[in-house]
Amino acid sequence: MAFYSVKNVYKNFGSNNVLKGIDFDLEKGQVLAIIGSSGSGKTTLLRCINFLEIPNKADIYLAEENIFSIDSRPTPNGNVSNNAANKDECIDNLQLNNSKESGIELVKSEDSLLGKKKKTTARDTVKLDAKTRGKIAAQRLKFGMVFQSFNLFPHYNVKKNLVLAARLKYDKSLSEKERIQRYIVGSDVRNKRKAAFEEINKRAETLLQRVGLGDKFKAYPCELSGGQQQRVAIARALILQPEILCFDEPTSALDPELTREVLKVIKDLKKDGHTMIIVTHEMEFARKVADKVIFMADGIIEEQGSPDEVFGNPQSEKTKAFLQESEKRIDED
Amino acid sequence: MTFWEVTVELLNASKYTVGLFFLTLLLAIPLGMVVCACAMTKFKPIKYITGTFIWIIRGTPLMLQIIVVFYVPGLLFGTPIKNRFLAALIAFAINYAVYFAEIYRGGISAMPLGQYEACKVLGMNKAQTNSLVIFPQVVKKITPAMSNEIITLVKDTSLANVIGIMEIIVTAKSIVSTHAIIWPIFYTGVFYLAMVGVLTVFFKWLEKRMNYYRA
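Residues numbered from 1 in each chain as written. Chains lettered and ligands numbered in written order. Predicted model: local features only at pLDDT ≥ 70, side-chain atom pairs only at ≥ 80, totals over all residues. Heavy atoms only, no water.

(A) The overall build of chain B, seen in detail. On a plain count of helices and strands, chain B comes out with eight helices and zero strands. Going from N to C terminus, chain B has its helices and strands arranged as α-α-α-α-α-α-α-α. Residue burial in chain B is summarised as follows: out of 215 residues, 40% are buried. For chain B, restricting intrachain contacts to residue pairs at least 6 apart in sequence, the fraction spanning at least 24 positions comes to 76%. Split by element, the accessible area of chain B, about 11800 Å² in all, is 71% carbon and sulfur. (Helix = DSSP H or I, 4+ residues; strand = E, 2+ residues; numbered from the N terminus. Buried < 20%, exposed > 50% of the residue type's maximum accessible area, 1.4 Å probe, protein only. Contact = heavy atoms within 4.5 Å. Areas by Shrake-Rupley, 256 points an atom, 1.4 Å probe, with all protein chains shown as cover.)

Put into structure tokens, the structure is as follows:
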């Protein structure tokens, strides 16, 4: 089985079906580029991978392990389906099949049993209980995320932006007893924690040098250019040592020159052996850096394969049209 | 009456103004957080009750609220509030808590969704997200609105005279009527201007101090 494997991802916002069955595999150290026109579901797919959106149906495997399974789609008669196909296979893992028992509640958008339309917002299609949310939060840390709009914490300097989450993660790993002991001056726990934080500081410094910003440790995000901010955001995602790093159109908010510096960092990360999933509009970049390209249209994967296959010899009409259109755009520029 | 005698009288009366001001802030700032939390909760009954409460407090004059707090306990339960200052303080604290709550709510809703999502992908829980990322930024966002409201509070303290608290204006009025001189009533303006001046300088300093980042 592949290192990372996504099967049968469905996601709808109300009656709007955004993802209609997505499957793909990714090997360790590979870079996957997801391309497609706006509204094709690329970003939603990436957000489902990160569990920022909870898909209505999905089976996700990472390193031979079923890290997430859910099936809360309404069946045609309006009930929540109890399709627990691989229930016994992975009892210890996050298992979200069989809705009621595992704390999933489907908020039906239309044809509710009460017979009247229930108002749903885009974000509350699948409701989860606290325990399930906690499990998902733990799985989420296996995926780093770099946003289109950076989303750095503006009130913290670069150093604090980087170390904050890593420090909190360390504190989370302490036992109840240790959490109290960390406040006692001179205690073992406190000293160990101090050493660990020093380690985190060093890691942050190394990462910042890796993205070419070794001298910006003390700067605030507002003092940096967009490209620099995005590189800090990449370093911030890497400090938690995620298995897979996800990028949601990382250069869409940047001008061509700043785009270059960010793309260079991503190329360097590939050399370091990071597994990455990149949603992008940079076709040239996708072609050069990706090991695998997915072209999405209308919530399904229209075509996937190596860059040479997808870009050089597209099979589907939609892919051809999309690639021609984006080439035309470059020519016009 | 000499200028000096009037000044001493008015200074003496400003202890009510200053006292009411600081105690109201002390109570209303945390109470406003509670009201804000209730107004923003997903639990519908509390949300709607708080909404109605906010409507009532914002929808009636502060002067009326002071009168209600002072007289209604006596009328309903036969236990009148003996301490006039306490009655005024309760009315002020509730009234300002509601206005502060709305300012807090505005500040929190102005936070971009991206900040919450960044916290989520970095494995932070709700409490950490709020205390480490959201609230520190909200404080900066709401400082101008808060300083506006707090400056209004200085002048609103004069409403306490409706239940007979001898604050600056009432004192000046009684001097005017007993000594047949008009200027002390105009002179009170200087006291308010002085207090607001101090606050203005303070908030300027605070805003500058928080200006180490732009968001």
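Read on, since the account is not over.
(B) Quick peek at the pattern of salt bridges. Here the structure, examined in full by the defined rule, presents 15 salt bridges over all chains. Note that Glu261 of chain A is salt-bridged to Arg231 of chain A, the shortest N-O span being 2.8 Å. Here the residue Glu261 of chain A occupies a position in helix α8 (residues 256–271), and Arg231 of chain A occupies one in helix α7 (residues 226–238), the gap between them amounting to 30 residues. What makes Glu261 of chain A partly exposed here is its relative accessible area of 24%. Through salt bridges with shared partners, a single ionic network connects Arg47 and Glu53 of chain A together with Glu117 of chain B. (Salt bridge = Lys/Arg side-chain N within 4 Å of Asp/Glu carboxyl O.)

(C) View of helix α4 (residues 84–109) of chain B. Compared with the 38 Å implied by 1.5 Å per residue over 26 residues, the 38 Å span of α4 of chain B between its first and last C-alpha is a close match. Sitting at the amino-terminal end of α4 of chain B is Asn83 of chain B, which places a side-chain oxygen 3.0 Å from the backbone nitrogen of Phe85 of chain B. (Expected span 1.5 Å × (residues − 1). Polar contact = N/O pair within 3.5 Å; in protein donor to acceptor, adjacent residues only side chain to side chain.)

(D) Representation of the sheet that holds strand β4 (residues 57–62) of chain A within the structure. Residue and element names in this part refer to chain A. Pairing is antiparallel across the open sheet formed by four strands, whose spatial order is β2-β1-β4-β5. Each edge of the sheet is formed by a strand with only one pairing partner; in this case those strands are β2 (16–26) and β5 (65–71). When strand polarity is set aside, the average angle formed by the axes of neighbouring strands in this sheet is 10°. As paired elements, β4 and β5 share six bridges and run antiparallel to each other. Following the sheet pairing, Lys57 is matched in β5 by Asp71. Lying over the sheet, helix α1 (residues 42–49) contacts β1 (4–13) and β2, oriented at roughly 65° with respect to β2. (Pairing = 2+ DSSP bridges. Axes fitted to C-alpha atoms, helices over the stretch in contact; angles between N-to-C directions.)

(E) Focus on the interface of chain A and chain B. Every contact between the two is made by 23 residues of chain A and, on the other side, 20 residues of chain B. Between chain A and chain B the total buried area reaches about 2000 Å² when both faces are included, carbon and sulfur atoms providing 65% of it. Notably, a salt bridge pairs Glu117 of chain B with Arg47 of chain A, separated by 2.6 Å at the nearest N-O pair. The interface formed by chain A and chain B includes eight residue pairs in polar contact (both at pLDDT 80 or more). When contributions to the side of chain A that touches chain B are tallied by element, the ones reaching two or more residues are β8 (143–146) and α4 (158–173) of chain A. (Buried area = accessible area lost by both parts, 1.4 Å probe.)

(F) Highlighting the packing of helix α7 (residues 168–179) of chain B against helix α8 (residues 183–209) of chain B. Residue and element names in this part refer to chain B. Between α7 and α8, whose axes approach to 8 Å, the crossing angle comes to 160°. In terms of axis orientation, α7 runs roughly antiparallel to α8. Handedness of the crossing formed by α7 with α8: right-handed. Across the interface between the two elements, Ile168, Ile169, Ala172, Lys173, Ile175 and Val176 from α7 touch Pro184, Ile185, Thr188, Phe191, Tyr192 and Met195 from α8. Of the residues contributing to the contact of α7 with α8, the split by class is ten nonpolar, one polar and one charged. (Parallel < 35°, antiparallel > 145°, perpendicular 65-115°, else oblique. Left-handed = near helix turned anticlockwise from the far one by under 90°. Nonpolar A, V, L, I, M, F, W, Y, C, P; charged D, E, K, R; others polar.)

(G) Structural detail: α8 of chain B. All names here are of chain B. For α8, built from 27 residues, the straight-helix expectation of 39 Å at 1.5 Å per residue is met to within 8% by its first-to-last C-alpha distance of 40 Å. Three or more residues of α8 are buried, namely Pro184, Tyr187, Thr188, Phe191, Tyr192, Val196, Leu199 and Phe203. Contacts from the buried residues of α8 go to α1 (3–40), α6 (126–156) and α7.

(H) Broad picture of the packing of α4 of chain A against helix α6 (residues 188–210) of chain A. Residues and elements named next belong to chain A. Interhelical geometry of α4 versus α6 gives an angle of 140° and a closest axis separation of 9 Å. Considering their axes alone, α4 and α6 lie oblique with respect to each other. As for the relative orientation of α4 and α6, their crossing is right-handed in sense. Along the contact surface, α4 presents Val158, Lys159, Leu162, Val163, Ala166, Arg167, Tyr170 and Asp171, while α6 presents Lys192, Arg193, Ala196, Phe197, Ile200, Asn201, Arg203, Ala204 and Leu208.

(I) Examining the sheet that holds β8 of chain A more closely. Residues and elements named next belong to chain A. With mixed pairing, the six strands of this open sheet are ordered in space as β8-β9-β10-β3-β11-β12. Because the sheet does not close on itself, it has two edges, and the strands there are β8 and β12 (300–305). With strand direction ignored, the average angle separating the axes of adjacent strands in the sheet is 20°. The sheet contact formed by strand β3 (residues 31–36) and strand β11 (residues 292–297) spans five bridges and is parallel. Within β11, the residue paired with Gly36 across the bridge is Met296.

Everything listed here is a matter of coordinates, which is why it stays silent on function.
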